[in-house]
Number of protein chains: 2
Amino acid sequence: MSLQQAILGFLALRPLTGYDLKKAFDGSVQHFWPADQAQIYRTLNKLDELGLASVELVEQEDKPDRKVYHITENGRSALHTWLSDTLPPTSEREPLLVRIFFSGFVDDETLLPRLAEAMAQEKAYLAAMQAILANAQQQVETLTEPAERRIGFFQLLTVERAILHHQAQIAWLESIITRLENQDLSIETP
Amino acid sequence: MSLQQAILGFLALRPLTGYDLKKAFDGSVQHFWPADQAQIYRTLNKLDELGLASVELVEQEDKPDRKVYHITENGRSALHTWLSDTLPPTSEREPLLVRIFFSGFVDDETLLPRLAEAMAQEKAYLAAMQAILANAQQQVETLTEPAERRIGFFQLLTVERAILHHQAQIAWLESIITRLENQDLSIETP
DNA sequence: ATCCTATATATGATTTGTCATATAATAAAC
DNA sequence: GTTTATTATATGACAAATCATATATAGGAT
């Protein structure tokens, strides 16, 4: 359900086309809410049908015409309602944990390279997030309008969280590797 | 795709019915891979079609007949292949982060109660996970077969991770609340 | 006496998400 | 000169997940 709300969120900042939205997603929320191009276009159709967004057709000569979507008043209030509502019970899906859960079936020689891969992936993510934060931090500080600063703050909070969780994940993976190498299958309560 | 593999994982431990599987999911991997009852039954059909599991019909007098699923040799090797394969690029979906990302649109008075709710939820989860760990830890220690201990170890690792991440999440939420209360919209690189 | 829970499987409808592919023009890269 | 990337939208096919509901019996709770 969140794709609808996320699109409304972006449209609340400025009018965008489906193409723009795909870039906006890939450049910001992609790491916790990846969006498929086809899905974006279909959701935009639906938002239009529901009256939460309206379409403005902008003709172009050399490139395909653009369909610029604007959030409507109904769209704005739908967004606010969603943001003010009580949180639904969280339900996360983490494929890596499913793998780990059943990894007792395979031996260390096959498992350790996979864990090393996961570590490398995590470290790459962490570095990317730290770069994004450093960059965005400066840009947000230049904002003078309080409303804009506030919006920027919350956007950055998600990057901050990503960093925190990647760090925790790296530490966890590292401890697993160490334990396997020491043939020490123990769990200590954190 | 992970539901198929997760079911195979459970069937590799012992033969189970769809009903049993639903309980097994709810009692263990539910927090990172919730499974819908309808989906479990449909996936079992598919595993049967694919020859990865076979059905044994057990008639009962007072209760409905049971369809006990057994993993086949093909099923076992499919499971091992999956567990040995390189990891696909992670793609997580976290609805809470989508909310936070756009929370700059609402004011503190509406937001703070939501954050408090999220905190309460996290703390409840944390307590539940700690209880599960304490309990399961003892049970795993009584296992004498190395293969069983190994399987138990990896299952517990996911609980350990859950605890670690819930702790990180609680600290993060706490810091957000503090910053909002102090009207300090700053981000410090972790 | 009635309601709720547990046991057990099944299906229909719908929503979401994914993958591939189509069209069509320009501009840069090799 | 051919391939690749960028801009822009769209659809068909499919897989996966969610929600509601149906059937049927037994036993405990109110």
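Reading the values: the criteria
- Residues numbered from 1 in each chain as written.
- Chains lettered and ligands numbered in written order.
- Predicted model: local features only at pLDDT ≥ 70, side-chain atom pairs only at ≥ 80, totals over all residues.
- Heavy atoms only, no water.
- Least-squares fit on C-alpha atoms with pLDDT ≥ 70 in both.
- Contact = heavy atoms within 4.5 Å.
- Buried area = accessible area lost by both parts, 1.4 Å probe.
- Salt bridge = Lys/Arg side-chain N within 4 Å of Asp/Glu carboxyl O.
- Polar contact = N/O pair within 3.5 Å; in protein donor to acceptor, adjacent residues only side chain to side chain.
- Helix = DSSP H or I, 4+ residues; strand = E, 2+ residues; numbered from the N terminus.
- Phe/Tyr/Trp six-rings, centres within 6.5 Å; stacked < 30°, edge-to-face > 60°.
- Lys NZ or Arg CZ within 6 Å of the ring centre and 35° of its normal.
- Near = heavy atom within 4 Å.
- Nonpolar A, V, L, I, M, F, W, Y, C, P; charged D, E, K, R; others polar.

Novice: Pulling in residues and values, what's your account of the relation of the copies chain B and chain A?
Specialist: Superposition of chain B onto chain A requires a rotation of 180° combined with a translation of 0.0 Å along the rotation axis, giving an RMSD of 0.1 Å. What the superposition gives is, in effect, a two-fold axis relating one chain to the other. Interface overlap between copies: 100% of the residues of chain B at the interface are likewise at the interface in chain A, consistent with a symmetric, same-surface contact.

Novice: Before we move on, could you go through the interface of chain B and chain A and cite the residues and values that matter?
Specialist: On the side of chain A, 79 residues touch chain B, which itself brings 79 residues to the contact. Summing the contributions of chain B and of chain A, the shared interface buries around 8500 Å²; its carbon and sulfur component is 65%. One can count 6 salt bridges joining chain B with chain A. Between Arg179(B) and Glu160(A) there is a salt bridge, with its nearest N and O atoms 2.8 Å apart. Connecting chain B to chain A are 35 residue pairs in polar contact (both at pLDDT 80 or more). Secondary structure elements with two or more residues in the side of chain B that touches chain A: helix 1 (2-13), helix 4 (73-84), helix 5 (95-101), helix 6 (108-141) and helix 7 (146-181) of chain B.

Novice: Could you give an account of the environment of His70(B), with specific residues and numbers?
Specialist: All names here are of chain B. You can see His70 is positioned in strand 2 (residues 66-71). C-alpha separation for the pair His70 and Gln60, spaced 10 residues apart in sequence, amounts to 18 Å. With residues up to four places along the chain from it excluded, the contact list for His70 reads Pro15, Leu52, Ala53, Ser54 and Glu56. A distance of 2.6 Å separates a polar atom in the side chain of His70 from a polar atom in the side chain of Glu56.

Novice: Which residues make up the packing of aromatic side chains, and what values go with them?
Specialist: According to the stated counting rule, one finds 12 aromatic pairs over all chains in the structure shown. Its end group placed over the ring of Trp33(B), Arg93(A) keeps NZ or CZ at 4.8 Å from the ring centre. Lying across the ring of Trp82(B), Arg99(A) places its NZ or CZ 5.6 Å from the centre.

Novice: Go over the protein's contact with DNA strand C, please, and point to the residues and values.
Specialist: The environment of DNA strand C is formed by 25 residues, the closest being Met1(A), Tyr19(B), Tyr41(B), Arg42(B) and Lys67(B). Counting only atoms of DNA strand C within 4 Å of the protein, the sugar-phosphate share comes to 64%. Contact between DNA strand C and Arg66(B): a phosphate oxygen at 3.3 Å from a side-chain N or O atom of the residue. For the surface near DNA strand C, the secondary-structure elements that each account for two or more residues are helix 3 (37-49) of chain A together with helix 2 (18-26), helix 3 (37-49) and strand 2 of chain B. Taken together, the residues that form the surface near DNA strand C break down as 9 nonpolar, 5 polar and 11 charged.

Novice: Hey, could you go over the protein's contact with DNA strand D for me, with residue numbers and the actual values?
Specialist: Taken together, 25 residues are adjacent to DNA strand D, and Tyr19(A), Tyr41(A), Arg42(A), Lys67(A) and Met1(B) come closest. When atoms of DNA strand D within 4 Å of the protein are sorted by moiety, sugar and phosphate together comprise 63%. A distance of 3.1 Å separates a phosphate oxygen of DNA strand D from a polar atom in the side chain of Arg93(A). Gln39(B) has a polar side-chain atom sitting 3.1 Å from a base nitrogen of DNA strand D. Where the surface near DNA strand D is concerned, the elements lending two or more residues are helix 2 (18-26), helix 3 and strand 2 (66-71) of chain A together with helix 3 of chain B. Its residues placed into classes, the surface near DNA strand D shows 9 nonpolar, 5 polar and 11 charged.

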